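As a plain string of letters, each chain reads:
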Amino acid sequence: MNLLKQREPLLAAMVVLLVVAVGLKEPAFLSADSLANVVTDSTLLVMLALTQMLVIVTRGVDLSVASNLALSGMVAAMLGAHYPGMPLALIMLAAVAVGLGLGLVNGWLIGRLELPPIVVTLGTMSVYRGAVFVLSGGAWVSAHQMPPHFIAFPLDRLLGLPHLVWIAAATLAALAWVARSTRFGRDLYAIGNAPQCAGYIGIPTHKRLLWTYALSGAVAGLCGYLWVARYAVAYTEIAYGFEFTVIAACVIGGVSIGGGVGTVLGATLGALFLTVIGNALPVLQVSPFWQSALTGLVILVAVLINARGAGRRSRQILPLHGTAAPTHRSAA
């Protein structure tokens with residue numbers, strides 16, 4: 001019996017059971033407003049987990065997403081503060097462009113120079129985080145400095161739902177289509193499953209990796225604006241450590257660190273699971289330290305399940321290209 005095929009229904013059931021269990025202890029948690037807050041709180045994590053899933057599928061990892069988010073968010077906040085008349089669409093586009101540029105740096109170093117993803121993104125994580133301090137001079141951009149429309153947009157409603165939910169839903173639908181119905185998505189799984197073969201059959205591995213990390217960066221840039229606007233503050237420590245939560249959501253959702261295995265639904269459910277835990281424990285008056293311990297325990301269990309479900313895929317993310325065949329070679 002394949003554990004991986006059962007993962008998503010099981011995880012969905014666990015999310016429902018967790019919500020019900022907390023609701024039995026604290027009925028207010030089951031109110032419509034409370035559940036709506038859980039969904040809204042999950043949106044940024046869902047969006048980042050989806051693109052992280054695509055990266056991990058290629059046997060990579062992007063540790064720089066939270067730092068990218070922080071730098072892009074600071075750029076958006078400073079534009080809003082210094083140019084209050086600037087159209088919001090232009091500010092959002094600037095945040096996405098910054099994120100895209102940072103992602104392209106990762107993709108070029110990993111795809112073109114064939115450097116290990118964990119080393120590259122660990123380095124750029126520190127560089128991007130330092131750039132936030134250099135750009136802002138260590139100062140905060142607070143709510144009273146940001147235009148009202150800048151702050152209001154994420155939680156403004158369209159057809160009864162916040163813009164955050166609509167944006168996350170659109171991202172989910174787009175990436176589900178990319179992963180399942182495009183050559184680009186299929187190539188990523190091929191790269192993760194057998195990079196040597198991918199090169200021999202003509203998959204442009206360098207180009208695919210470049211744009212996978214670029215996509216991760218662009219979504220991180222968009223999330224940067226949404227984060228600072230929703231919480232109405234931008235500072236150097238925005239989303240500090242959030243990259244590990246993003247990776248945890250993927251692992252819990254059944255995305256294999258060994259590459260080649262992962263689904264959009266699994267990553268989404270993993271993000272929802274972590275968000276429910278994050279929202280439930282304060283309601284139950286549980287210490288934040290226990291929250292971290294419980295999250296870590298869940299990750300360990302998920303890794304164990306992944307290992308049992310795909311023991312034959314015991315691979316590391318460090319030697320991503322060490323034995324890959326050149327992409328310019330074709331099959332005889």
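One can find the structure itself at the top, above this paragraph.
Residues numbered from 1 in each chain as written. Predicted model: local features only at pLDDT ≥ 70, side-chain atom pairs only at ≥ 80, totals over all residues. Heavy atoms only, no water.

### With respect to the layout of surface pockets
As a reminder of what qualifies: Detection works on a 1 Å grid of protein atoms alone, calling trapped sets that fit a 1.4 Å probe cavities and calling open sets with protein on both sides within 12 Å along at least five of seven lines pockets, with lining residues defined by an atom within 4 Å of a point. Grid points are joined across faces, edges and corners, and a volume is the space filled by probe spheres set on the points. Helix and strand assignments come from DSSP, with helices taken as H or I runs of at least 4 residues and strands as E runs of at least 2, each series counted from the N terminus. Basically, the charged four are Asp, Glu, Lys and Arg, the nonpolar ten are Ala, Val, Leu, Ile, Met, Phe, Trp, Tyr, Cys and Pro, and anything else, Gly included, counts as polar.
The computed volume of the largest pocket comes to approximately 470 Å³. In terms of lining residues, the largest pocket is bounded by 15 residues, among which Leu-45, Phe-242, Thr-245, Gly-278 and Gln-291 are the most central. Every element with two or more residues in the lining of the largest pocket is listed here: helix H2 (32-57), helix H10 (205-231), helix H11 (242-252), helix H12 (264-283) and helix H13 (288-309). Across the lining of the largest pocket, the residue classes tally to 7 nonpolar, 7 polar and 1 charged.

### As for the side chain of Thr-268
This is how it is decided: Residue burial is assigned from relative accessible area. The probe radius is 1.4 Å, only protein chains are included, and a residue is buried under 20% of its type maximum, exposed over 50%, and partly exposed in between. Residues are treated as being in contact if the distance between any of their heavy atoms lies within 4.5 Å.
If you trace the backbone, Thr-268 turns up in helix H12. Thr-268 gets classed as buried once you look at its relative accessible area, which sits at 10%. Apart from residues lying up to four places away in sequence, Thr-268 is in contact with Val-46, Leu-50 and Leu-172.

### Considering unusual backbone geometry
Residue Glu-114 is not a glycine yet carries a positive backbone phi of 60°. Its place among the elements puts Glu-114 in the loop between helix H4 (88-112) and helix H5 (117-136). Even without being a glycine, Ala-232 presents a positive backbone phi close to 55°. Within the element layout of this structure, Ala-232 appears in the loop between H10 and strand S4 (233-234). Residue Ala-232 is classed as buried on the basis of its relative accessible area of 17%.

### Here's the deal with the packing of H2 against H11
Short version of the rule: Note on geometry: axes are C-alpha line fits, over the in-contact stretch for helices, and angles between N-to-C directions span 0 to 180 degrees. Angle categories: roughly parallel below 35 degrees, roughly antiparallel above 145, roughly perpendicular from 65 to 115, and oblique for all the rest. Crossings are sorted by hand: turned counterclockwise from the far helix by less than a right angle, the near helix makes the crossing left-handed, and turned clockwise it makes it right-handed.
Contact geometry of H2 with H11 gives a least axis separation of 8 Å together with a crossing angle of 70°. In terms of axis orientation, H2 runs roughly perpendicular to H11. Two packed elements cross with a definite hand, and for H2 against H11 that hand is right-handed. Along the contact surface, H2 presents Leu-45, Leu-48, Ala-49, Gln-52, Met-53 and Ile-56, while H11 presents Phe-242, Thr-245, Val-246, Ile-247, Ala-249 and Cys-250. Residue composition of the contact of H2 with H11, grouped by class: 10 nonpolar, 2 polar and no charged.

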